[in-house]
Amino acid sequence: MNQHEFVTLVTPFKDKVFRLAKRLLVSTEEAEDATQEVLVKLWNKNDSLEAYNSVEALAMTITKNYCLDQLKSKRAGNLKIVHNNFTDRQPSLQQQLEDSDSLSWVEKVINTLPEQQRLIVQMRDIEQYEFEQIAKILEMNETAVRVALSRARKTIRTYMTKTHSYGIG
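Quick caveat: nothing in here was measured; it's all calculated off a predicted structure.

**Focus on helix 1 (residues 3-25)**
The end-to-end C-alpha distance of helix 1 is 28 Å, clearly below the 33 Å that 23 residues give at a rise of 1.5 Å each. The principal kink in helix 1, of about 50 degrees, is found at T11, preceding the proline P12 by one to four residues. When we look at burial in helix 1, the residues that qualify are F6, V10, F13, V17, L20, A21, R23, L24 and L25. Just downstream of helix 1, V26 is the residue with a positive phi angle, here 70 degrees.

Shown next, in the form of C-alpha cells:
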C-alpha cells in the first residue's frame, strides 16, 4: 500500500481517533500527539492492514491503549490533575453564564465519569459505534457495555436534573 492509499484509508476515521484521544487525555496537544502516534503505528502495520476486518476498529483499539498508557505515565497524569482543578475555584459570573449552556455541563459531567464509562459514552453517543464494535475495542462483552452506558447516562441525567432544578443556569 502506498502513502496515497494509506491516507485515503485513514482519512474517514482520523477525526474519531483524535476525539477519542482528546476525551481520554483532555489536552488538545496530547490528543494531537496521540493521533500522530496511532497513525505511525498503523503505517508500520501497513503491509498487514488488509488482514483486519476493520482498520477503523484497530485504530480505535490502538488509540485507547496508547492513551491509557499515557494516562499511566507521570506526564499525562499531571495534565489530568491540572484539568480537574476547575472545580476548586469559584467561577466568574461570565463563566457561570457560559457554563449554563447544557452542552458545556454535559461535557464536564462526561469528563468526571469513570474512564470506562467515558470511553463508552464517547464511542456510542458521540461516535455512533455499535455495541458489538465497542465491546470488541474495549475487550468487554456487549451486556457489560450496555450496563456501563446506562450507568453513565443515568449519572449525566441526574447531574443535569440537579443543575436545572437548583437554578445554576
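**Observations regarding the confidence of the model for the protein**
In the predicted model, the protein carries a mean pLDDT of 80, and the fraction of residues at 70 or more is 77%. Summarising per-element confidence for the protein, the mean pLDDT is lowest in helix 4 (residues 74-84) (47) and highest in helix 8 (residues 131-138) (92). Ignoring residues within four places in sequence, the model shows residues 79-88, a span with pLDDT below 50, making seven contacts including any to other chains.

**A closer look at helix 7 (residues 115-126)**
Between its terminal C-alpha atoms helix 7 stretches 15 Å, which fits the 16 Å expected from 12 residues at 1.5 Å a residue. Taken together, the buried positions of helix 7 are Q117, R118, L119, I120, V121, Q122 and M123. Just past helix 7, the residue Q128 takes up positive phi, approximately 65 degrees.

**A word on the environment of A148**
Relative to the elements of secondary structure, A148 occurs in helix 9 (residues 142-165). Once the C-alpha coordinates of A148 and V121 are considered, the two residues, 27 residues apart in sequence, prove to be 8.8 Å apart. In contact with A148, not counting residues within four places along its chain, are Q116, Q117 and I120.

**Remarks on the nonpolar core**
Considering soluble globular proteins, one finds that nonpolar side chains tend to be buried as a cluster. Ranked by internal contacts, the top residues of the largest apolar core, which has 44 residues, are L42, I120 and L138. Only helix 1, helix 2 (28-44), helix 3 (55-72), helix 6 (102-112), helix 7, helix 8 and helix 9 provide two or more residues apiece to this core. I120 has contacts with D125, I134, L138, M140, V145, A148 and L149, leaving out every residue within four places of it along the chain.

**Considering the side chain of R23**
Topologically, R23 is positioned in helix 1. In this view, R23 contacts E107, I110, N111, R118, Q122 and I126; residues no more than four positions away in its chain are not counted.

**Some details on the side chain of K64**
Tracing the chain through its elements places K64 in helix 3. The buried charged residue K64 lacks any salt bridge partner; its closest oppositely charged side chain belongs to E139, at an N-O distance of 4.5 Å. Here N65 takes part through its side chain, which lies 3.5 Å from a polar atom of the side chain of K64. Polar side-chain contacts of K64 include one of 2.9 Å to the backbone oxygen of I137. If near-sequence neighbours (up to four positions away) are discounted, K64 is found in contact with L20, L24, L119, I137, L138 and E139.

**Description of the packing of aromatic side chains**
For any pair of aromatic rings, the description consists of the separation of the ring centres together with the inter-plane angle of the planes. In this structure the tally under the stated criterion is one aromatic pair. Summarising the aromatic geometry, the rings of F6 and W43 are spaced 5.0 Å apart at their centres and angled 80 degrees between planes, so their arrangement reads as edge-to-face. Of this pair, F6 sits in helix 1 while W43 sits in helix 2; the two residues are 37 residues apart in sequence, bridging distant segments of the chain. Look at W43 and you get partly exposed, because its relative accessible area is 35%. Between the NZ or CZ atom of K16 and the centre of the ring of Y129, over which it lies, the distance is 5.0 Å. The ring of F131 carries R146 above its face, with NZ or CZ at 3.9 Å from the centroid.

**Some words on a negative patch on the surface**
Side chains of E29, E32, D33 and E37 sit close together on the surface and give a patch of like negative charge. Looking at where E32 falls in the secondary structure, it is placed in helix 2.

Conventions and cut-offs
- Residues numbered from 1 in each chain as written.
- Predicted model: local features only at pLDDT ≥ 70, side-chain atom pairs only at ≥ 80, totals over all residues.
- Heavy atoms only, no water.
- Helix = DSSP H or I, 4+ residues; strand = E, 2+ residues; numbered from the N terminus.
- Expected span 1.5 Å × (residues − 1).
- Bend = angle between axes of the 7 residues up to and from the residue.
- Buried < 20%, exposed > 50% of the residue type's maximum accessible area, 1.4 Å probe, protein only.
- pLDDT = per-residue confidence, 0-100.
- Contact = heavy atoms within 4.5 Å.
- Core = buried A, V, L, I, M, F, W, Y, C linked by side-chain atoms within 4.5 Å.
- Lys, Arg positive; Asp, Glu negative; His and termini not counted.
- Salt bridge = Lys/Arg side-chain N within 4 Å of Asp/Glu carboxyl O.
- Polar contact = N/O pair within 3.5 Å; in protein donor to acceptor, adjacent residues only side chain to side chain.
- Phe/Tyr/Trp six-rings, centres within 6.5 Å; stacked < 30°, edge-to-face > 60°.
- Lys NZ or Arg CZ within 6 Å of the ring centre and 35° of its normal.
- Patch = residues over 30% accessible without salt bridge, like charges linked within 9 Å, V, L, I, M, F, W, Y side chains within 5 Å.
- Areas by Shrake-Rupley, 256 points an atom, 1.4 Å probe, with all protein chains shown as cover.
- Charge placed at Lys NZ, Arg CZ, Asp CG, Glu CD.

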